[in-house]
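Here is what each chain is made of, one letter per residue.
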Amino acid sequence: MNYHGTTILAVRKDGKIAVAGDGQVTLNDTVIKHHAKKVRKIYNDQIIVGFAGATADAFTLYDKFEAKLERYNGNLTRSAVELARDWRTDKYLRRLEAILIAVDKTNMFLISGNGDVIEPDEDIIGIGSGGTAARAAAAALIKHSDLNAKRLVEESMAIAASLCIYTNNWFVVEEL
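Residues numbered from 1 in each chain as written. Predicted model: local features only at pLDDT ≥ 70, side-chain atom pairs only at ≥ 80, totals over all residues. Heavy atoms only, no water.

Asker: I would appreciate a short explanation of helix H3 (residues 131–144) in the present structure.
Answerer: Owing to its 3.6 residues per turn, the α-helix aligns residues three or four sequence positions apart on the same side. For H3, which comprises 14 residues, the first-to-last C-alpha distance of 20 Å matches the rise-based estimate of 20 Å (1.5 Å per residue) to within 8%. Within H3, burial applies to Gly131, Ala134, Ala137, Ala138, Ala139 and Leu141. On its buried face, H3 is in contact with strand E2 (7–13), strand E11 (124–128) and helix H4 (149–163). (Helix = DSSP H or I, 4+ residues; strand = E, 2+ residues; numbered from the N terminus. Expected span 1.5 Å × (residues − 1). Buried < 20%, exposed > 50% of the residue type's maximum accessible area, 1.4 Å probe, protein only. Contact = heavy atoms within 4.5 Å.)

Structure, rendered in structure tokens:
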């Protein structure tokens, strides 16, 4: 059985950050959930994380990441690097199939089990099955509209949902 889909999009614009995630969970060729929450605030609501991949794996990573944030006093960069290092080297964690976006007021990272901690050149990250479409839409809207960060991610996610069968139109948006 294969779980598919998720679209997560993070955008920073005019000093504001918005992260959106769709709510669809698909098992093989069937939608089994429409309102999953894949984006949340953690560490005293100072950091937003979103995940794509296996749900149970993502929750495990959330817990590990929150522990890193507590250990390093909310330092997102250090916590992301330490999580990626553990994820890559630990025999159990290495099997987890998920990818994370983590943002705070000044940093934006994609964190993977390959040991990647990537900060984008632009203030946009899109992951998951519709991530490329959402990212492309956001890049165009940043250049050609005056939408604020929240409206920008909502419109970009709607575009991704119109293209990706694993992305629906029910979004959770968190802002900093």
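Asker: Would you mind showing me how to read the sheet that holds strand E8 (residues 98–103) here?
Answerer: In sheet architecture, strand pairing relies on hydrogen bonds along the backbone and comes in two forms, parallel and antiparallel. Spatially, five strands are ordered E6-E7-E8-E9-E10 in an open sheet, and the strand pairing comes out antiparallel. A strand with exactly one partner marks an edge of an open sheet, and here the two such strands are strand E6 (39–42) and strand E10 (117–118). Of the pairings in the sheet, the one linking strand E9 (residues 108–112) to E10 comprises two bridges and is antiparallel in character. Within the sheet, the bridge partner assigned to leucine 110 lies in E10 and is isoleucine 118. Of the strands in this sheet, E6, strand E7 (47–53), E8 and E9 are in contact with helix H1 (residues 55–71), which crosses E7 at around 150°. The strands touched by helix H2 (residues 76–89) within the sheet are E7, E8, E9 and E10, with E9 carrying the most contacts at an inclination of about 10°. (Pairing = 2+ DSSP bridges. Axes fitted to C-alpha atoms, helices over the stretch in contact; angles between N-to-C directions.)

Asker: What am I meant to see in the sheet that holds E2 here?
Answerer: Strand order in the open sheet formed by four strands is E11-E2-E3-E12, with antiparallel pairing between adjacent strands. Looking at strand neighbours, the two that pair on one side only are E11 and strand E12 (171–175), the edges of this open sheet. Across this sheet, the average inter-strand angle for adjacent strands is 10°, counted without regard to direction. Direction of pairing for E2 relative to E11: antiparallel, over a ladder of five bridges. By the bridge assignment, leucine 9 is partnered in E11 with glycine 126. Sheet contacts for H3: E2 and E11; angle to E11, the most-contacted strand, approximately 160°. Sheet contacts for H4: E2, strand E3 (16–22) and E12; angle to E2, the most-contacted strand, approximately 150°.

Asker: Please explain the environment of glycine 53 as it appears in this structure.
Answerer: Within the element layout of this structure, glycine 53 appears in strand E7. Glycine 53 sits in the partly exposed class, given a relative accessible area of 38%. When the C-alpha atoms of glycine 53 and lysine 41 are compared, they prove to be 18 Å apart, with 12 residues separating the residues in sequence. Beyond its immediate sequence surroundings of up to four residues, glycine 53 is in contact with Glu97 and Ala98.

Asker: I tried to follow the pattern of salt bridges on my own but got confused; where do I start?
Answerer: When their charged atoms lie close together, side chains carrying opposite charge are able to pair. Under the criterion given, the structure shown has 10 salt bridges. A salt bridge links arginine 85 to glutamate 82, with the nearest nitrogen and oxygen atoms 2.7 Å apart. Of the two residues, arginine 85 and glutamate 82 are both situated in helix H2; the distance of three residues between them amounts to about one turn of the helix. Between glutamate 155 and arginine 151 there is a salt bridge, and its shortest N-O distance comes to 2.6 Å. (Salt bridge = Lys/Arg side-chain N within 4 Å of Asp/Glu carboxyl O.)

Asker: Before we go on, may I ask you to explain the packing of aromatic side chains in this structure?
Answerer: Think of a pair of aromatic rings as described by two things: how far the centres are apart, and how the planes are tilted against each other in angle. One pass over the full model with this rule turns up three aromatic pairs. Look at phenylalanine 51 and phenylalanine 59: their rings are 6.1 Å apart centre to centre, the planes differ by 55°, and that puts the pair in the tilted class. On the basis of relative accessible area, phenylalanine 59 is assigned to the partly exposed category, the value being 34%. Of the aromatic side chains, those joined through ring pairs into one cluster are Phe51, Phe59 and Tyr62. (Phe/Tyr/Trp six-rings, centres within 6.5 Å; stacked < 30°, edge-to-face > 60°.)

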